[in-house]
Amino acid sequence: MTTSLWMMVLLLFAEGGTLSFLTTPTLLYYGRYHESWVVALAGSAASAAGSALQLWALRWALDEKHAWMHRFAPSRRKVDDALKHYPAATFLGLLVARATPLPDAPLKIVAAVVRYSIGLYTLAVLLGALPYFYVLALVGREVRIPNWVLIASIVAIALGVGVDWLRKRRAVRA
């Protein structure tokens, strides 16, 4: 695997704009080869940019003018559930959610529905990710987790996401 900081930035940008299940192993890996603050700053900026692009795409997809996109967009039930659990996507709420390993997808959906400012959203993601990314990069530098463990964790996460998706799909059909 490459140790290039640019490759990490590209990976985290793509991660920020998609499912974000490779972020932790990516930061642990690149933390070995670069200063923790550099990984945190570059990684947070890339992830925030990817997240901003994803928020823009979600807002576009949820717009009523794009009826053909509705099959790709979250169901109305998911949007309503997200709005019920997270009635307001506040700056502080977004920042705190991003500073933890917990998924921030429900808040992202709420932010898209309420048309939250993409600039403020990006800033909240950037500032929230900085300490979390720094700690992961520092752990990667100090602990030296073997590559096979990082790869196995990626496979386990992907399998977990896949099984959860299949389980939910079967529950909807039943």
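Computed from a predicted structure; not experimentally measured. (Residues numbered from 1 in each chain as written. Predicted model: local features only at pLDDT ≥ 70, side-chain atom pairs only at ≥ 80, totals over all residues. Heavy atoms only, no water.)

1. Re the overall build of the protein
Along the protein, the regular secondary structure elements total eight helices and zero strands. When the helices and strands of the protein are placed in sequence order, the string is α-α-α-α-α-α-α-α. Counting all 174 residues of the protein, 33% fall into the buried class. Taking all contacts inside the protein whose residues are at least 6 apart in sequence as the whole, residues at least 24 apart take part in 77%. Within the structure as shown, the protein displays about 10,200 Å² of accessible surface, and the carbon and sulfur contribution to it stands at 70%. (Helix = DSSP H or I, 4+ residues; strand = E, 2+ residues; numbered from the N terminus. Buried < 20%, exposed > 50% of the residue type's maximum accessible area, 1.4 Å probe, protein only. Contact = heavy atoms within 4.5 Å. Areas by Shrake-Rupley, 256 points an atom, 1.4 Å probe, with all protein chains shown as cover.)

2. Here we look at helix 7 (residues 118-143)
End to end, helix 7 covers 36 Å across 26 residues, agreeing with the expected 38 Å (1.5 Å per residue, within 8%). Taken as a whole, helix 7 carries its principal kink of about 35° at leucine 130; the proline proline 131 stands between one and four residues after it. Against the buried residues of helix 7 lie helix 1 (5-16), helix 2 (23-30), helix 3 (36-62), helix 5 (91-98) and helix 6 (105-113). The distance from a side-chain oxygen at the start of helix 7 to the backbone nitrogen of glycine 119 is 3.3 Å, and the residue carrying that oxygen is serine 117. After helix 7 finishes, the residue arginine 144 shows a positive phi value of roughly 55°. (Expected span 1.5 Å × (residues − 1). Bend = angle between axes of the 7 residues up to and from the residue. Polar contact = N/O pair within 3.5 Å; in protein donor to acceptor, adjacent residues only side chain to side chain.)

3. Concerning unusual backbone geometry
Phi angles above zero are rare outside glycine, and arginine 144 is one such case at about 55°. Tracing the backbone shows arginine 144 in the loop between helix 7 and helix 8 (147-173).

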